[in-house]
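Report on the structure
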Amino acid sequence: MQNIEKRMNELIDIINKASYEYYALDNPTISDQEYDDYYNELLRIERDHPELKREDSPTVRVGGEALDSFVKVTHETPMLSFDDIFNEDEVIAFDERIRKTVASPSYTLEPKMDGLSGSLIYKNGVLVRAATRGDGVTGEDITQNVKTIRSVPLKLTKPIDIEVRGEIYMSKDSFNKLNYEREKNGEKPFANPRNAAAGSVRQLDSKVTANRGLDYMAYFIPNPSAYGIEFQSDSLLFLKELGFKTNYKYNKVANNYKEILDYIEDLGKKRESLPFPIDGVVLKVNSLKDEEKLGATARVPRWGIAYKFPALEVLTTLKDIKFTVGRTGKITPNAIFSPVHVDGSLISRATLHNEAYCIEKDIRIGDVIEVHKAGDVIPEVGEVKKERRTTDLKPFKMITECPICSTKLIKKEGEADYYCPNQNCPSRKIEGLIHYAERDAMNIEGLGDSIVSDLFNFDFVKKIEDIYTLQSHREELIELEGYGEKSINNLLSAIEKSKDNSLERLIFALGIKHVGKKTAKILAKKYKNLDTLKEASLEELSMIPDVGSIIAKSVYDYFRNPNNISLIEDLRKFGVNFNYLGKDEIESEFFTGKTFVLTGALNLYTRDDAKNIIENYGGKTSESVSKKTSAVIVGANPGSKYEKAKKLNIPILTEEEFKEQVDKMNNLQNS
Ligand code: IVH
């Protein structure tokens, strides 16, 4: 027995060493066959002597029993993350800021791995717990899953107690393989390696995780001084010695901002050819003594920062141009291309607006095109790579009939768009229903594109008023494939709730031509009630500031159409509120519709928080200052954006002033 145990321990050591050389160092010393032989021998011993099986045996990497849920764990030291910066100015500002506290700093520069951070706790050299970052204070216990990651040592080379932090990520190879398999099996591919890693690590069944080819790169020890480490760069070496995969090969120490910028440029060039996904460079003050001096704010350490690379140019091939019919009958050409990853999402279509736009771009099916996200959200076709045309491609040609109901399209003098004039075109109806339920309209959660199409095709909802009759079809709806009791109940209560919306939402939701959110608000505020608006004369409507004669005519005509009058009467019967409740007043306050630029180091918020706040209150953020910028929010040591704002006479807000506005909004919203 003793001999068997001895052999088992020997095998574990051999296999661990081989894994380390293979996975962490990328430098195998034994063949796959030898490895398999050792592994199978170990499996046999463990099967015949289960009482001897060690918890840190490499055979646990195949995964274990599935869990019901993840247990929450509290991090002993909070898992902070760095503020993000995006350009050279901000790098220089960071260096300047550090120099105010540290006379001649040096920095460790490392690739910013694009996955999710994971904390590993070792006791006596054995992995006992792995956790996600969660909100930084509380994460989830993912020990079982992390044990399946080959580059995570189950046992360290030294029998010490230590917490190690690093990135759980998916190599580009594993990602491509995984997506290939998923598409083959009719499953939705992951948008990017980060999502794939996150999705794989949060599997309740660790056997699934084991097959996803996850990886782990260690980069941080929360209490390095306990191990006699004085420099961040030595942490990496220490982690490597312990048996971790680290990015020491790509790590560099810099002594000034020029060296930082050179490294960023250099790594940016290598980015695409690296085997792992990165999205920037992490800068850390190298001396731990200096780090201590610099300390941290409530959320972010002051001794480091994350520089994010700009989005990559993404090229794809235009497969088709498909025409869709909007709720007003407007025909839109759309680019359909081979799916590509842009800024974290998988996209395969983008609007081409109208005929003139397509002709101007001279876009042709078969072209190589560049795609990006406009304003960081809407997919857009950029350059058409005409020089890459190899064969004759047919020039764009506008259609003449509605693609859904075949009615001849019309185009009014001086307008860019074609319309399907058929009021009963099914496509228009579906779009109108989707619009009615949209977040900015009646905000009926659960009534999105696909369920609206289903309800329409199954004859449950043919027109807006039918939405409010769904309650009486509850039993039948539950039987519809793909929904179920819970989602139908939620949908029905969201529909019920929508009856209490304030008038501006209803006006917008009706889908009156030319009446956007802003006009709906103006009309609601002025008329206070749908019936009063309905009776308004054309002259009166035309006189309203910000409502031109075209909008006025459209509103006037809408209320003269018998179908619309019947809709309004039905809505009244169903108890839909017609009054202006003034609740959304807050939206028109400080942030709505304005564009803000952030510069310098913020203390009270992280960049991401500040951006989210602005967006939540209806504003936008931008990376550069221009005449269109509404205000610049300035933190400590602002860069050139601050100078530019002064030059252009753009209002400047300190972080405290920004906070005052945020507090005001919060108070308003809670009142
Ligand atoms: S050190 C205090 N080093 O990027 C944070 N982080 O904000 C110490 N990341 O969420 C983290 N690569 O998950 C560090 N080489 C690297 C990194 C890295 C990626 C992640 C980390 C964190 C964010 C930085």
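What comes next concerns the included structure. Owing to the predicted nature of the structure, the values given are computational and were not obtained by experimental measurement.

Cut-offs used in this document
- Residues numbered from 1 in each chain as written.
- Predicted model: local features only at pLDDT ≥ 70, side-chain atom pairs only at ≥ 80, totals over all residues.
- Heavy atoms only, no water.
- Core = buried A, V, L, I, M, F, W, Y, C linked by side-chain atoms within 4.5 Å.
- Buried < 20%, exposed > 50% of the residue type's maximum accessible area, 1.4 Å probe, protein only.
- Contact = heavy atoms within 4.5 Å.
- Axes fitted to C-alpha atoms, helices over the stretch in contact; angles between N-to-C directions.
- Helix = DSSP H or I, 4+ residues; strand = E, 2+ residues; numbered from the N terminus.
- Left-handed = near helix turned anticlockwise from the far one by under 90°.
- Nonpolar A, V, L, I, M, F, W, Y, C, P; charged D, E, K, R; others polar.
- Pairing = 2+ DSSP bridges.
- Phe/Tyr/Trp six-rings, centres within 6.5 Å; stacked < 30°, edge-to-face > 60°.
- Parallel < 35°, antiparallel > 145°, perpendicular 65-115°, else oblique.

Right, let's get into the nonpolar core. If you look at the biggest cluster of nonpolar residues, it comprises 56 residues, and the most contacted ones within it are Y436, I444, I507, L530 and L571. Those residues in contact with Y436, other than ones at most four positions away along the chain, are A441, M442, N443, I444, I464, I467, Y468, L506, A509 and L571. Counting 34 residues, the second-largest nonpolar core is a separate cluster that includes L127, M170, F175 and I221.

Across the interface, helix α3 (residues 88-101) lies against helix α9 (residues 257-270) with an axial gap of 10 Å and an inter-helix angle of 145°. Along this stretch, α3 crosses α9, giving a crossing that reads as right-handed. Contact residues: α3 offers E88, V91, I92 and D95, while α9 offers Y257, I260, L261 and I264. Within the contact of α3 with α9, the residues separate by chemical class into six nonpolar, no polar and two charged.

Strand order in this open sheet of four strands is β18-β17-β19-β20, and the pairing throughout is parallel. Of all the strands in the sheet, the pair left with one neighbour each is β18 (620-622) and β20 (652-654). When the angles between neighbouring strand axes are averaged without regard to direction, this sheet yields 35°. Pairing of strand β17 (residues 595-599) with strand β19 (residues 631-634) involves four bridges; the strand directions are parallel.

This part takes up the packing of aromatic side chains. Evaluated as defined, the whole model comprises 21 aromatic pairs. Here the aromatic rings of Y35 and Y39 are separated by 6.2 Å at their centres, their planes lie at 15°, and the arrangement is stacked. Note that Y35 and Y39 are positioned in helix α2 (residues 32-48) at a spacing of four residues, about one turn of the helix. Residue classification places Y39 among the buried positions, given a relative accessible area of 14%. Here F323 and F396 contribute two aromatic rings whose centre-to-centre distance is 6.2 Å and whose plane-to-plane angle is 40°, an arrangement assigned as tilted. Taken together, the positions of F323 in strand β12 (residues 314-325) and F396 in the loop between β16 (378-384) and α12 (426-437) put the pair 73 residues apart, joining distant regions of the chain. F396 shares its class with F323; the two are buried.

The contact between α12 and helix α13 (residues 449-457) brings their axes to 9 Å, and the two run at 130°. Relative to α13, α12 is oriented oblique. α12 and α13 meet at a crossing whose hand is right-handed. Residues P426, K429, I430, L433 and I434 of α12 touch α13, and the partners they reach there are D449, V452, S453 and F456. Considering only residue class, the contact of α12 with α13 consists of six nonpolar, one polar and two charged.

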